[in-house]
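The primary structure of each chain is shown beneath.
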Amino acid sequence: MSKKSSLGLGRGLDALLAKPSSSAGVQTLRVDQIVQAEYQPRQTFDPEALAELAQSIRDKGVLQPLLIRPRGERFEIVAGERRWRAARLAGLTEVPVVIRDLADREALEIAIVENLQREDLGPLEEARAYQTLLDQGHNQEGVARAVGKGRSTVANALRLLALPGAALRALEAGEISAGHARAILAQPEPDRVWALEQIRTRSLSVREAEALQRAKPGEGVRRAGGRPWRQLELDLSRTVGTRVKISGADKGKIELSFGSPEELERLLGLLDRSSEFA
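Overview of the structure. Owing to the predicted nature of the structure, the values given are computational and were not obtained by experimental measurement.

Position of Thr239 relative to the elements: it lies in helix H12 (residues 229–240). Under the relative-accessibility criterion, Thr239 is labelled exposed at 61%. On a C-alpha basis, the gap between Thr239 and Leu270 in space is 9.8 Å, while along the polypeptide they are 31 residues apart.

The next thing to look at is the nonpolar core. Grouped together as the largest cluster of nonpolar side chains are 20 residues, with contacts concentrated most on Leu160, Leu163, Leu171, Ile176, Ile184, Ile199 and Leu212. When near neighbours in sequence (up to four residues on either side) are disregarded, Ile199 contacts Ile176, His180, Ile184, Leu204, Ala209 and Leu212. Leu53, Ile57, Ala86 and Ala90 belong to the second largest nonpolar core, which has 19 residues in total.

Another aspect to go through is the pattern of salt bridges. A full pass over the atoms with the stated rule returns 13 salt bridges. Here Glu81 and Arg85 are joined by a salt bridge, their closest N and O atoms 2.9 Å apart. Of this pair, Glu81 and Arg85 both sit in helix H3 (residues 81–89), four residues apart, which is roughly one turn of the helix. Glu81 gets classed as buried once you look at its relative accessible area, which sits at 3%. Looking at Arg85, the relative accessible area reads 25%, which means it is partly exposed. Notably, a salt bridge pairs Arg145 with Glu141, separated by 3.5 Å at the nearest N-O pair. Taken together, the positions of Arg145 and Glu141, both in helix H6 (residues 140–147) and four residues apart, correspond to about one turn of that helix. With relative accessibility at 34%, the residue Arg145 sits in the partly exposed group. Note on Glu141: relative accessible area 41%, which makes it partly exposed.

Overall, mixed pairing links the five strands, which are arranged E1-E5-E3-E4-E2 in an open sheet. The open sheet terminates on both sides in strands that have one partner only, identified here as strand E1 (27–30) and strand E2 (34–35). As paired elements, strand E3 (residues 66–71) and strand E4 (residues 74–79) share five bridges and run antiparallel to each other. Residue pairing in the sheet places Arg71 in a bridge with Arg74 of E4.

The next subject is the packing of aromatic side chains. Across all of its chains, the model carries zero aromatic pairs by this definition. Above the ring of Trp84, the side-chain terminus of Arg88 is found at 4.0 Å from the ring centroid.

Relative to each other, H6 and helix H7 (residues 151–159) sit at 110°, their axes nearing to 8 Å. Put simply, H6 runs roughly perpendicular to H7. Crossing of H6 against H7: the hand is right-handed. For the pair H6 and H7, contact is made by Gln140, Glu141, Val143 and Ala144 and by Arg151, Val154, Ala155 and Leu158, respectively. Class assignment for the residues of the contact of H6 with H7 results in five nonpolar, one polar and two charged.

Let us now look at unusual backbone geometry. One non-glycine residue, Ser203, lies in the positive phi region at around 50°. Note that Ser203 resides in the loop between helix H10 (192–202) and helix H11 (206–210). For Ser203, a relative accessible area of 60% translates into the label exposed.

Following both chains from N to C, one finds helix H9 (residues 178–185) and H10 inclined at 145°, their axes separated by 9 Å at the closest point. In the crossing of H9 with H10, the sense of the turn from one axis to the other is right-handed. Residues His180, Ile184 and Leu185 of H9 lie in contact with H10, whose contacting residues are Arg192, Ala195, Leu196 and Ile199. Grouping the amino acids of the contact of H9 with H10 by side-chain chemistry returns five nonpolar, one polar and one charged.

Thresholds applied
Residues numbered from 1 in each chain as written. Predicted model: local features only at pLDDT ≥ 70, side-chain atom pairs only at ≥ 80, totals over all residues. Heavy atoms only, no water. Helix = DSSP H or I, 4+ residues; strand = E, 2+ residues; numbered from the N terminus. Buried < 20%, exposed > 50% of the residue type's maximum accessible area, 1.4 Å probe, protein only. Core = buried A, V, L, I, M, F, W, Y, C linked by side-chain atoms within 4.5 Å. Contact = heavy atoms within 4.5 Å. Salt bridge = Lys/Arg side-chain N within 4 Å of Asp/Glu carboxyl O. Pairing = 2+ DSSP bridges. Phe/Tyr/Trp six-rings, centres within 6.5 Å; stacked < 30°, edge-to-face > 60°. Lys NZ or Arg CZ within 6 Å of the ring centre and 35° of its normal. Axes fitted to C-alpha atoms, helices over the stretch in contact; angles between N-to-C directions. Parallel < 35°, antiparallel > 145°, perpendicular 65-115°, else oblique. Left-handed = near helix turned anticlockwise from the far one by under 90°. Nonpolar A, V, L, I, M, F, W, Y, C, P; charged D, E, K, R; others polar.

Okay, structure coming up:
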């Protein structure tokens, strides 16, 4: 596939899909002639959202054609699998389509772009889709150009694939967020499963997860009510809703972080202080 073709995809699908106001290039096809894509990046479809779309299709029909490509005696979906599923759920026997002869890599790029434009991909689905493009010959910069994203966005998404298996499953199941996952990856590799368990068992926010630091041998000296410094920092962070750092031994200081004037006001309120003393 040419570089020019890849670069155009990030700007949208109008060049490949017929505009809703025009019938040029659009035809109807039986739903049983259409099959799912081998490279579909989206793996989960919310049943409730599908049911709502199916009802809309019953009322108004399929407003945007599916983009498909020839696949043997049938046609494979490139963009629009959700519409195809909802159309079948609505009882339709035919759907509007645009047929294009596309190579595997180009079809995958279009499928990724369509899902990203609609914000339909989960963080792991997005990461795996980028990895598939890498496997098909792109480098990270090429992936970023193809899908219209910044290279750092692509790189950060791909990092999620380095999570330990338990964390991958938790992220896929929605038990943790992508922010939690990045906090886990910031931990030394031996501590990542420990960090996941801390997040799960203590229902930590992303900010609290970012503040996690496992006590190393010799750092577990018990202080302040029988709690180690690291544990005390985390407990105080959860209480005040911001990062807390304790330094010193028998004497020291407590630092509270704030990211805006409003957050400072909130902390001062917790300390029962008026903002005029700030």
